Amino acid sequence: MKPTILLYDSGMGGLTIYDAIRESLPDAHYLYCFDNAYFPYSEKSEAVLIERAVSIVQKIAENYPLDMVVVACNTASTVVLPALRERFAMPIVGTVPAIKLAAQISQTKTIGLLATKGTVVRPYVDELIERYAKECVVERIGSTDLVEIVEEKQQTGSVDMQRLQKVVAEWQSHPTLDTVILGCTHFPLVKEELQQLLPRVSFFVDPGNGIANRVVSLLQDVKRNVNNENKENQAFCTQNSEDFSKREKVMQNWGFKRLNVLNFDEK
């Protein structure tokens, strides 16, 4: 029996994690939720992020027996994992910046962390740097604008390169920066454009393959009691919007049958 895996993010960036997992587990049953009602997550409070995480997983789990939840968002993962693991029995996998790998592969020991404004200031990230990149210089750029640039690319197919250039301008003339961590699941979707703007950078690191390996490993111990053989992949959003039809088309291009709106009861 194939597992049912839920991935969620504030937007469509988590599709990069889905893509990596799907490569390892092509026959799994996938559910994907983007929380567009609260997009972007980068400047939301920790309390809001926890409340949204629990609400989304609870709502979807009511109708779909879940074998695993992947928090396909760096910003949320730095905050919500303990609350989800306390509330739900299935394995919960988070996404964190690949600082350990970046420190291992950097030749100059100068690393750039490109993430959201929320992620770059989290104590959890400071702890990762202290643990794995103590011998490195770690430069940080926190950007909400880059998340929005990626969302636009998903719908239009194009990138405003001038707008993107402004995000990374301070790194374009950096003499020793050779490794950039893509510390938001959205950012691998503009990796090629970033490579054009930062030609001196040798390595762009994202967590996709590491997360996929973790998912495969954890699923070996999960007992599945529900037959999902004929279930279709479904996508969810948390708010109906003017661009709903465009978003549904994007999700269908990624292999999801349809886009559904999650209706949360007003409290």
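As shown above, the structure is provided for reference.
What you see is a predicted model, and the numbers here were worked out from it, not measured in a lab.

Conventions we followed
- Residues numbered from 1 in each chain as written.
- Predicted model: local features only at pLDDT ≥ 70, side-chain atom pairs only at ≥ 80, totals over all residues.
- Heavy atoms only, no water.
- Helix = DSSP H or I, 4+ residues; strand = E, 2+ residues; numbered from the N terminus.
- Rg over C-alpha atoms; globule rule 2.2 N^0.38 Å.
- Buried < 20%, exposed > 50% of the residue type's maximum accessible area, 1.4 Å probe, protein only.
- Contact = heavy atoms within 4.5 Å.
- Areas by Shrake-Rupley, 256 points an atom, 1.4 Å probe, with all protein chains shown as cover.
- Lys, Arg positive; Asp, Glu negative; His and termini not counted.
- Charge placed at Lys NZ, Arg CZ, Asp CG, Glu CD.
- Pairing = 2+ DSSP bridges.
- Axes fitted to C-alpha atoms, helices over the stretch in contact; angles between N-to-C directions.
- Phe/Tyr/Trp six-rings, centres within 6.5 Å; stacked < 30°, edge-to-face > 60°.

Enquirer: Would you mind showing me how to read the overall build of the protein chain here?
Expert: Along its length, the protein chain carries 11 helices and 10 strands. What you see for the protein chain is a C-alpha radius of gyration of 18 Å, in line with the 18 Å of a compact globule of 267 residues. In terms of its C-alpha atoms, the protein chain occupies a principal-axis envelope of roughly 55 × 40 × 35 Å. For the protein chain, the residues scored as buried account for 54% of the 267 residues in total. For the protein chain, contacts bridging at least 24 residues in sequence account for 76% of all contacts bridging at least 6. For the protein chain, the accessible area works out to roughly 12400 Å², and carbon and sulfur atoms hold 44% of it. The positive charge centre, built from 29 side chains, and the negative charge centre, built from 34, are 3 Å apart in the protein chain.

Enquirer: Quick question: what am I supposed to make of the sheet that holds strand S1 (residues 4-9) here?
Expert: By definition, the strands of a sheet pair up through backbone hydrogen bonds, in either a parallel or an antiparallel sense. Taken in spatial order, the six strands line up as S4-S3-S1-S2-S9-S10 in an open sheet, and their pairing is parallel. Because the sheet does not close on itself, it has two edges, and the strands there are strand S4 (92-93) and strand S10 (259-261). Packed onto the sheet, helix H2 (residues 46-61) meets S1, strand S2 (29-34), strand S3 (68-71) and strand S9 (234-237) and runs at close to 150° relative to S1. Strands S1, S3 and S4 of the sheet are contacted by helix H10 (residues 208-219), whose axis makes an angle of about 165° with S3.

Enquirer: Sorry, what's going on with the packing of aromatic side chains here?
Expert: The description of two aromatic rings rests on the distance between their centres and on the angle between their planes. Considering all chains together, one arrives at five aromatic pairs under this definition. Aromatic pair tyrosine 18 and phenylalanine 256: ring centres 4.9 Å apart, planes at 40°, arrangement tilted. Highlighted residues: tyrosine 18 in helix H1 (residues 15-24) and phenylalanine 256 in the loop between helix H11 (244-253) and S10, separated in sequence by 238 residues. For the pair tyrosine 32 and phenylalanine 256, a centre-to-centre distance of 6.2 Å together with 55° between the ring planes defines the contact as tilted. Within this pair, whereas tyrosine 32 is found in strand S2, its partner phenylalanine 256 is found in the loop between H11 and S10, the two being separated by 224 residues in sequence. Each member of the pair tyrosine 32 and phenylalanine 256 is classed as buried. The rings of Tyr18, Tyr30, Tyr32, Trp254 and Phe256 are connected pair by pair, giving a single aromatic cluster.

Just geometry here; none of it tells us what the structure is for.
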